[in-house]
Amino acid sequence: MNQMNKLIKDILTLIILSTLLGITAQAVLPNGIGLKTEITMVGDDSTAVAVPAVSINPNGNGDAASNISLENAHAAYENNAALFFDARSPEDFSSGHINQAINLPVHAFMDSLPYLENLNLSRHIITYCDGEDCNASIDLAADLKMMGFSNVNFFFGGWQEWRDAGYPIESGP
Amino acid sequence: MRSSFEVFLGSKSGEWLVRIIQIGLGLLFIYASLDKILNPGLFAKSISNYRLLPLPLLHISAIILPWLELICGIALVINRYQRAAYVIIGSMLLIFILAITSAMVRGLDFYCGCFSVDSEESNVGLLKILQNIGLFLSCVLIEYRTVVVQPKS
């Protein structure tokens, strides 16, 4: 029983020590986060979803990509004003994607650097993935922002919303 | 009557083996914690990808977990508070295993945030589960030696 009491006491000691160090570190680190999770609403008004602000802006540097609605994404498409980056896997991309979109799987971001380095950093880029069930569009937008692109939006409604709206699509690699 | 495995665990060689595993585990957890400690926002983002934790607990977990990994890792290396460290690390590994399995079952595709917050790290998958099960079994082995093979009187 004494051993069990000591074990519980030791466990609590380690947890309390870690908590104190963790909280103190946030005050010291330039990219420290607060104890309270901040929430950002993304998506169109009718389909808005709450996501943690760190998902969109993990470094908290105040220069995060923002959401773009279906309507505005379609307008950008019609005016040929933006590049659409599909953040899904090549398999998903092949089975159907926004017309003229470029496949840029977020997990293979480094492989896309040679292509991205030739783009103008002020070019308007819209990222997307499946829709509300995925975060790849947000992740890719964050990566692009970190790379220096200034005009990046993520289209959170994604492939599902675009396809359901009957807007131009194509399939194949 | 002790099995030959238990006899081995109780021997000097068994003690050395356990000590080496303990230091290895400790160093691994120290290494795993550093990137997360330096990038708490990115680690919070990794946790949120699992979509298991209620949002109000997200930042608190991202702040405490990496430090818990670091402190437990140090405890294992310097051989102080090691039993408490095993219980905590074992529990964390069990939670990681369940979280990764749950993400796989739900078809979520993202990097696991296991050893770093780098988005180029491998995605959640069977290999990650096996990796964590291996680490968890190491904890069980050492705890088994402490409690069953060599209980202190």
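Residues numbered from 1 in each chain as written. Chains lettered and ligands numbered in written order. Predicted model: local features only at pLDDT ≥ 70, side-chain atom pairs only at ≥ 80, totals over all residues.

## Examining the overall build of chain A
Inference 1: A tally of helices and strands in chain A yields seven helices and nine strands.
Inference 2: Relative to a compact globule of 173 residues, whose C-alpha radius of gyration would be 16 Å, chain A shows 21 Å and is clearly more extended.
Inference 3: With respect to the three principal axes, the spread of C-alpha positions in chain A is 70 × 35 × 30 Å. (Helix = DSSP H or I, 4+ residues; strand = E, 2+ residues; numbered from the N terminus. Rg over C-alpha atoms; globule rule 2.2 N^0.38 Å.)

## Comments concerning the sheet that holds strand 7 (residues 125-128) of chain A
Hydrogen bonds between backbone groups are what pair the strands of a sheet, and the pairing can be parallel or antiparallel.
Residues and elements named next belong to chain A.
Inference 1: Strand order in the open sheet made by the five strands is 3-8-7-4-6, with parallel pairing throughout. Looking at which strands have only one partner, the edges of the open sheet turn out to be strand 3 (66-67) and strand 6 (102-103).
Inference 2: Summarising the sheet, strand 4 (residues 83-86) and strand 6 pair through two bridges and their orientation is parallel. Among the inter-strand pairings, F85 is bridged to a residue of strand 6, identified as I102. (Pairing = 2+ DSSP bridges.)

## Looking at the environment of S69 of chain A
Residues and elements named next belong to chain A.
Inference 1: As for its position among the elements, S69 is in the loop between strand 3 and helix 3 (70-78).
Inference 2: Judged by the 17 C-beta atoms lying within 10 Å of it, S69 is partly exposed.
Inference 3: Measuring from C-alpha to C-alpha, the distance between S69 and G158 comes to 9.6 Å, with 89 residues separating the pair along the chain. (Buried ≥ 20, exposed ≤ 12 C-beta atoms within 10 Å, placed from the backbone.)

## Examining the confidence of the model for chain B
Inference 1: The predicted model of chain B has a mean per-residue pLDDT of 86, with 87% of residues at 70 or higher.
Inference 2: Confidence, read as mean pLDDT per element, is least for helix 1 (residues 4-10) of chain B in chain B (82) and greatest for helix 4 (residues 58-78) of chain B (96). (pLDDT = per-residue confidence, 0-100.)

## As for the packing of helix 5 (residues 82-105) of chain B against helix 6 (residues 126-149) of chain B
Residue and element names in this part refer to chain B.
Inference 1: Running from amino to carboxyl end, helix 5 crosses helix 6 at an angle of 155°, the nearest separation of the two axes being 9 Å. With respect to helix 6, the axis of helix 5 lies roughly antiparallel. Between helix 5 and helix 6 lies a crossing whose hand is left-handed. Seen from helix 5, the contacting residues are R83, Y86, I89, G90, L93, L94, F96, I97, I100 and T101; seen from helix 6, they are K128, I129, N132, I133, L135, F136, C139, V140, I142, E143 and T146.
Inference 2: Across the contact of helix 5 with helix 6, the residue classes break down as 14 nonpolar, four polar and three charged. (Axes fitted to C-alpha atoms, helices over the stretch in contact; angles between N-to-C directions. Parallel < 35°, antiparallel > 145°, perpendicular 65-115°, else oblique. Left-handed = near helix turned anticlockwise from the far one by under 90°. Contact = placed C-beta atoms within 7 Å. Nonpolar A, V, L, I, M, F, W, Y, C, P; charged D, E, K, R; others polar.)

## Thoughts on the packing of helix 2 (residues 12-38) of chain B against helix 4 of chain B
Residues and elements named next belong to chain B.
Inference 1: Running from N to C, helix 2 and helix 4 cross one another at 155°; their axes reach a closest spacing of 7 Å. The orientation of helix 2 with respect to helix 4, classified from their angle, is roughly antiparallel. In the crossing of helix 2 with helix 4, the sense of the turn from one axis to the other is left-handed. Each of Q22, I23, L25, G26, L27, F29, I30, A32, S33, K36 and I37 in helix 2 lies in contact with helix 4, whose residues at this interface are P66, W67, E69, L70, C72, G73, I74, L76 and V77.
Inference 2: When its residues are assigned to classes, the contact of helix 2 with helix 4 shows 14 nonpolar, four polar and two charged.

## Points about the environment of F8 of chain B
All names here are of chain B.
Inference 1: In this structure, F8 sits in helix 1.
Inference 2: Among the residues examined, F8 registers 14 C-beta atoms within 10 Å and is labelled partly exposed.
Inference 3: With 141 residues separating them in the primary sequence, F8 and V149 have C-alpha atoms 9.6 Å apart.
Inference 4: Non-local contacts of F8, meaning those with residues more than four positions away in its chain, are made with S13 and G14.

## Observations regarding the interface of chain A and chain B
Inference 1: Contact with chain A, which involves 37 residues of that partner, is made by 33 residues of chain B.
Inference 2: Here the element with the most residues in the side of chain A that touches chain B is helix 1 (residues 2-28) of chain A; it accounts for 14 residues.
Inference 3: In terms of residue class, the side of chain A that touches chain B is built from 19 nonpolar, 14 polar and four charged.

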